[in-house]
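A structural walkthrough
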Amino acid sequence: MSLADPPSVPRRQAFLVWGVALSAYVASVFHRSSLGVTGVEATQRFEISAATLATLTVAQLGVYALMQVPVGMLLDRYGSRRLLVTGGVLMIAGQLGFALVTDVRLAVAARILVGLGDAMTFISVLRIVAYWFPGRRNPLLVQLTGTLGQLGAVFGAVPLVLLLESTGWTTAFLTVAGVSSAILLVVVATIRDSPGRVAVAAAATPPRGLLAAAWAQPGTRLGLWTHFVCQFSGSVFALLWGFPFLVQGQGLPPTAAATLLTVLTLGMLVTGPTVAYLCGRFPRHRSALVFAIVGLTAATWAVVLAWPGRAPGWLLVVLALVLAFNGPGSLIGFDFVRSFNPVNRIGSATGIVNVGGFVAAIILVFTVGVVLDLATPAGQSVPDLDAYRWAFALQYVLWAVGVVQVLRWRNAARRRYDGPQVSPDRPEAVLVAGGGGRFASGNDRRRRRFSGVAAVRRRGAPARRRRKV
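Owing to the predicted nature of the structure, the values given are computational and were not obtained by experimental measurement.

Parameters and conventions
Residues numbered from 1 in each chain as written. Predicted model: local features only at pLDDT ≥ 70, side-chain atom pairs only at ≥ 80, totals over all residues. Heavy atoms only, no water. Phe/Tyr/Trp six-rings, centres within 6.5 Å; stacked < 30°, edge-to-face > 60°. Helix = DSSP H or I, 4+ residues; strand = E, 2+ residues; numbered from the N terminus. Buried < 20%, exposed > 50% of the residue type's maximum accessible area, 1.4 Å probe, protein only. 1 Å grid on protein atoms, 1.4 Å probe; cavity = no way out; pocket = protein on both sides within 12 Å on 5 of 7 lines; lining within 4 Å. Points joined across faces, edges and corners; volume = space filled by probe spheres on them. Nonpolar A, V, L, I, M, F, W, Y, C, P; charged D, E, K, R; others polar. Core = buried A, V, L, I, M, F, W, Y, C linked by side-chain atoms within 4.5 Å. Contact = heavy atoms within 4.5 Å. Polar contact = N/O pair within 3.5 Å; in protein donor to acceptor, adjacent residues only side chain to side chain.

Here we take up the packing of aromatic side chains. Across all of its chains, the model carries 22 aromatic pairs by this definition. Taking 5.0 Å as the distance between ring centres and 65 degrees as the angle between the ring planes, the aromatic pair formed by Phe15 and Phe133 counts as edge-to-face. Note that Phe15 is positioned in helix 1 (residues 11-33) and Phe133 in the loop between helix 6 (122-132) and helix 7 (138-149), a separation of 118 residues in sequence. You can call Phe15 partly exposed: its relative accessible area is 32%. Seen in terms of ring centroids, Trp169 and Phe173 are 4.9 Å apart; in terms of plane orientation they differ by 45 degrees. Their pairing is tilted. One end of the pair is Trp169 and the other is Phe173, both in helix 10 (residues 169-190) and four residues apart, which spans about a single turn. Each member of the pair, Trp169 as well as Phe173, is classed as buried. Clustering of aromatic rings is evident, with ring pairs tying together Trp225, Phe228, Phe232, Tyr396 and Trp399.

Quantified by volume, the second largest pocket comes out at close to 300 Å³. Along its surface, the second largest pocket is lined by 20 residues, and Thr43, Ala50, Gln248, Ser381 and Pro383 are the ones closest to its centre. Put simply, the parts of the chain that give the lining of the second largest pocket at least two residues each are helix 2 (39-46), helix 3 (50-78), helix 12 (218-249) and helix 17 (346-375). A class-by-class count of the residues in the lining of the second largest pocket yields 11 nonpolar, eight polar and one charged.

What follows deals with the nonpolar core. Soluble, globular proteins show a tendency: their nonpolar side chains are buried together. One finds Phe237, Trp241, Phe245 and Trp301 to be the most contacted residues of the largest nonpolar core, which totals 123 residues. If you tally residues by element for this core, the top one is helix 12, at 13 residues. Not counting residues within four places of it along the chain, the set of residues in contact with Trp301 comprises Ser233, Phe237, Phe245, Leu319, Leu323, Phe392, Gln395, Tyr396 and Trp399.

Turning next to empty space enclosed by the protein. Across all of its chains, the model carries eight cavities of 30 Å³ or more by this definition. Considered as a void within the structure, the largest cavity measures approximately 330 Å³ in volume. Together, 27 residues line the largest cavity, and Arg32, Gln150, Gln231, Met268 and Gly327 are the ones closest to its centre. Elements with a contribution of two residues or more to the lining of the largest cavity: helix 1, helix 7, helix 12, helix 13 (254-281), helix 16 (326-340) and helix 17. Of the residues in the lining of the largest cavity, the class split is 13 nonpolar, 13 polar and one charged.

Tracing the sequence through the fold places Arg45 in helix 2. As a C-alpha pair, Arg45 and Val101 span 56 residues in sequence and 9.7 Å in three-dimensional space. Setting aside chain neighbours within four positions, we find Arg45 in contact with Ala99, Leu100, Val101, Thr102, Trp169 and Thr170. Of the polar contacts made by the side chain of Arg45, one reaches the backbone oxygen of Ala99; its length is 3.5 Å. A polar contact of 2.9 Å, which involves the side chain of Arg45, links it to the backbone oxygen of Val101.

This is the structure in structure tokens:
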């Protein structure tokens with residue numbers, strides 16, 4: 001049985017496993033974003049500056065990014081269940097520490113534990129999708145996973161702010177750890193790596209071989225830079241600097257700022273399925289969709305940053321809705337992983353791609369903190385609007401680098417797979433349209449008409465072989 005086609009299982013069972021795994025990802029997003037709306041309280045609790053506050057998030061995201069490739073290799077070897085359980089334990093331990101410590105060095109250590117656990121969660125859920133569902137459903141389920149997972153950020157906005165105000169720092173984060181423990185117990189009882197007893201490890205290829213093969217694919221690098229260029233703006237806004245920007249720079253009350261972050265997250269519930277539909281309907285133009293999302297985001301930020309004085313409320317709502325496209329846009333990178341890699345190296349390829357956006361986010365989080373400290377006028381305790389303008393203008397450098405790299409690796413992928421040298425027997429990516437390449441999984445091939453080299457081979461094959469193909 002080919003790993004490219006999951007065995008037939010009851011739909012209800014498959015969605016149950018995916019739903020429980022998704023709940024683990026929702027919890028990880030909550031842990032990841034919990035510092036976003038508590039930044040002001042954190043500066044007071046630990047008595048730190050903006051740059052030092054950024055260090056907490058940089059430590060968390062840095063560990064997340066550094067662990068993606070090793071976690072991808074471990075995922076191909078040990079499967080999703082073990083990594084989801086291990087990640088849940090680490091995140092609970094990190095939040096327990098964050099609830100109790102008052103020294104900033106111990107707080108950094110706690111956020112590192114959260115980052116370690118978070119690093120094991122998302123790509124484990126994507127591997128479950130690859131093993132439990134046919135390839136034709138993969139784009140939609142990947143988008144739904146990334147989109148619905150952002151509900152964790154919703155719970156980490158207004159509800160967490162209200163919990164902090166009513167119970168205090170320690171009780172709030174102890175409650176978070178308790179809820180996560182309950183989710184972990186459900187994961188232990190429900191999650192299985194694959195239907196039946198299908199082996200999840202790639203026995204024929206060592207982990208380093210899978211990693212090298214994934215990196216050698218231009219489509220994997222295209223996914224990496226897609227994730228890089230799309231994710232960082234919305235991610236940094238939601239994770240750390242959006243809340244201070246809205247409160248200190250734009251003068252909004254904390255509840256209104258948290259509500260705008262919620263609007264950003266809820267907007268993904270609409271933009272995620274929209275992006276998934278466009279990717280499935282126009283797979284040849286996925287990179288064009290990436291450029292459209294980046295251009296729209298950059299243009300909206302330009303209006304906000306150039307607005308004389310504080311931006312009006314409607315413009316900030318528009319900014320939140322536009323940033324809601326960033327997360328789904330970055331998930332297009334994982335659709336490239338499916339197109340260019342067999343399922344037995346999905347973990348390694350996904351780990352590579354998932355590094356991109358978080359490296360960009362780390363760079364932006366840290367540089368924004370540094371610029372805010374440098375641009376804050378002497379004698380002021382908090383940055384003003386001009387300081388935030390200079391800080392967020394740094395995004396344009398990252399967008400320029402990312403767009404150039406996406407163009408580079410899109411062209412490399414097309415040169416490799418669009419010409420007549422493509423073998424029609426390639427298991428995971430087959431030409432299905434003349435004059436260009438559209439890539440489909442094995443399940444999708446049955447529903448589409450072949451042309452070009454693939455059509456010639458099919459017409460010349462014996463009837464028995466055609467039925468087998």
